[in-house]
Amino acid sequence: MIDPFKEYKPEVVEYDEEVDGGGEHLVRDDLLSEKELLKAKITKAKAARKGFATNYRQPIRTENEVK
């Protein structure tokens, strides 16, 4: 069996902010966390606006119901 990594020598790779993208991932994380907060706020506001209608459900009428 031939070893393909027999002559492989690992090299140290330097991080270059210009080439590797800088702090873009930090901006994305900020936007995602802000989105989560806004989503929670909107969901809470919708539930408050609906009020009691969200929780109460009238009984289902059937054909055999006694009047």
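Scroll up for the structure.
Everything quoted here is computed from the prediction, not taken from an experiment.

A. Quick peek at the overall build of the protein chain. Secondary structure summary: the protein chain contains 2 helices and 0 strands in total. With 67 residues in all, the protein chain has 1% of them scored as buried.

B. The arrangement of the packing of aromatic side chains in detail. Summed over all chains, the structure comprises 1 aromatic pair. Between Phe5 and Tyr8 the ring centres are 6.4 Å apart and the planes differ by 80 degrees, which places this aromatic pair in the edge-to-face class. Its relative accessible area of 56% is what places Tyr8 among the exposed residues.

C. Spatial organisation of the environment of Gly22. Its place among the elements puts Gly22 in the loop between helix H1 (17-20) and helix H2 (24-50). Taking the relative accessible area as the measure of exposure, Gly22 reaches 15% and is therefore buried. Discounting chain neighbours no more than four positions away, the residues touching Gly22 are Tyr15 and Glu17.

Conventions used here
- Residues numbered from 1 in each chain as written.
- Predicted model: local features only at pLDDT ≥ 70, side-chain atom pairs only at ≥ 80, totals over all residues.
- Heavy atoms only, no water.
- Helix = DSSP H or I, 4+ residues; strand = E, 2+ residues; numbered from the N terminus.
- Buried < 20%, exposed > 50% of the residue type's maximum accessible area, 1.4 Å probe, protein only.
- Phe/Tyr/Trp six-rings, centres within 6.5 Å; stacked < 30°, edge-to-face > 60°.
- Contact = heavy atoms within 4.5 Å.

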